[in-house]
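Fold and geometry: a report
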Amino acid sequence: MPRPFLTARWERRLNVTWPVPPELLAPHVPRGVTLDVQEGHAFASLVSFDFVDTRVLGVSWPGFRTFPELNLRFYVKRDAAQGEERGVVFLREYVPQRLVAAIARLTYNEPYVAAPMRSALARDGDAVSWSLELDRAGRTHRIAVRAREPLAVPPTDSVAHYFQEHRWGFGRGHLGGTHVYEVVHPAWANWAVESYTLDVDFAALYGPAWAFLRDTPPVSATFAAGSPVAVYPHRGM
């Protein structure tokens, strides 16, 4: 296996998932993969978490080790020699550092955008509270979750596992071809979510077509403690 391009800990990972019309996502599907559709629905997730101890090719850069991310992603699959591979495609990814966003866009054409962001963690006995704030389009968008221990790894046949565990990422290169990369981590253990709030203007962050998410009930919300993660270099399909 090649050397990882990036290693880090992804911690406090909130994943909120909605059913969405397949036709909304069809223009964003890279060549060589298909939408992962279940009972006529495709799915998109708003995912927020903290990067911790981030290293690129083994190098840790001061000021770029710990920061939050917020992304909107959807789910795809492809047939491979070793069987079906399920993965994700990102519609937009927010981070606070302009340099991180610029490198991701220029190197891999990943849809990163820089915006002022901050996250906060609080503990009270077995309760865990975490929040993320992002400033964009003249307002502060806020996500908050409260959950409790103990941690538990979701069963492999659960909805939580289905939306949480994906080994492959797919995207479009600068010339229109499809690239794939591998993300390796142990199965994540989750806290039990008690409540969460999404004070988010989806249209401002992701475009008018996504405004409907504000009034659409999610089908899943998970909050994982996280783990070490290794991201391996992109390659063409």
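Structure's up top.
Heads up: these notes are all about the structure in this document.

Cut-offs and rules
Residues numbered from 1 in each chain as written. Predicted model: local features only at pLDDT ≥ 70, side-chain atom pairs only at ≥ 80, totals over all residues. Heavy atoms only, no water. Helix = DSSP H or I, 4+ residues; strand = E, 2+ residues; numbered from the N terminus. Buried < 20%, exposed > 50% of the residue type's maximum accessible area, 1.4 Å probe, protein only. Contact = heavy atoms within 4.5 Å. Pairing = 2+ DSSP bridges. Phe/Tyr/Trp six-rings, centres within 6.5 Å; stacked < 30°, edge-to-face > 60°. Lys NZ or Arg CZ within 6 Å of the ring centre and 35° of its normal.

**Observations concerning the environment of F43**
Here F43 lies in strand β3 (residues 42-56). A relative accessible area of 10% places F43 in the buried class. Each residue touching F43, except ones within four places of it in the same chain, is listed here: T17, W18, P19, V20, L25, D36, Q38, R73, F74, Y75, F163 and V219.

**A closer look at the pairing of strand β5 (residues 83-95)**
Residues in a regular strand project their side chains so that they alternate between the two faces of the sheet. Sheet topology places strand β4 (residues 67-80) next to β5; 11 bridges connect them, and they run antiparallel. Opposite R73, over in β5, you have F90 as the bridge partner. Bridge analysis of β5 against strand β10 (residues 168-172) gives three bridges, and the strand direction is parallel. By the bridge assignment, V89 is partnered in β10 with F170. In this sheet, strand β6 (residues 112-114) lies alongside β5 in parallel orientation, the contact comprising three bridges. Bridge pairing in β6 places Y94 opposite V113.

**Considering the packing of aromatic side chains**
This model, assessed by the stated rule, comprises 14 aromatic pairs. With a centroid separation of 6.4 Å and an interplanar angle of 40°, the aromatic rings of W10 and W188 are classed as tilted. Highlighted residues: W10 in strand β1 (residues 6-20) and W188 in the loop between β11 (178-184) and β12 (190-199), separated in sequence by 178 residues. Of the aromatic side chains, those joined through ring pairs into one cluster are W10, F49, F51, F67 and W188. Against the face of Y162 rests R86, its NZ or CZ located 4.0 Å from the ring centre.

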